[in-house]
Amino acid sequence: MQHITVIGGGVIGLCSAYYLSKEGYKVTLFDSSEMNDGCSYGNAGMIVPSHIIPLAQPGMIAQGFKWMLDSKSPFYIKPRLSLDLINWGLKFYKNANQKQVDMAMPAFARFVFIK
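Quick caveat, the model's predicted, so the values are computed rather than measured. (Residues numbered from 1 in each chain as written. Predicted model: local features only at pLDDT ≥ 70, side-chain atom pairs only at ≥ 80, totals over all residues. Heavy atoms only, no water.)

Novice: I'd like to hear about the overall build of the chain, residue by residue, with values.
Specialist: The secondary structure content of the chain amounts to five helices and two strands. Ordered by position from the N terminus, the helices and strands of the chain form the series β-α-β-α-α-α-α. Evaluated residue by residue, the chain yields a buried proportion of 14% over its 115 residues. A fraction of 43% describes how many contacts in the chain between residues 6 or more apart in sequence connect residues 24 or more apart. Within the structure as shown, the chain displays about 9100 Å² of accessible surface, and the carbon and sulfur contribution to it stands at 62%. (Helix = DSSP H or I, 4+ residues; strand = E, 2+ residues; numbered from the N terminus. Buried < 20%, exposed > 50% of the residue type's maximum accessible area, 1.4 Å probe, protein only. Contact = heavy atoms within 4.5 Å. Areas by Shrake-Rupley, 256 points an atom, 1.4 Å probe, with all protein chains shown as cover.)

In structure tokens, the structure reads:
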């Protein structure tokens, strides 16, 4: 029997572990929490195709800054002085535009609808 490790106990991790186990795999699931909080808890476990790239949409930068400091938000980043984090933030800001959303949407839509 093949052994698979799933990291993350949100809705995606739990569903993945469940269906892998139904297919006969031995599955170990790791999560740093008790799986009663976090993004899947906050969005009630919903996977919504219309929300597949919400943070990269134009106009979300201002909302993102507010969310960054809220530990229960979908975009929380632990505040710290980090050159890597600053570089990532600048790249995110540069790419949060309609052109990038339009380019990414087809690939994400195929992923969401895998059967």
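Continuing now.
Novice: Before we move on, can you summarise the packing of aromatic side chains with the specific residues and values?
Specialist: Two descriptors summarise a pair of aromatic rings, namely the distance from one centre to the other and the angle between the planes of the rings. Tallying each qualifying case throughout the model produces two aromatic pairs. For the pair Tyr18 and Tyr19, a centre-to-centre distance of 4.9 Å together with 85 degrees between the ring planes defines the contact as edge-to-face. (Phe/Tyr/Trp six-rings, centres within 6.5 Å; stacked < 30°, edge-to-face > 60°.)

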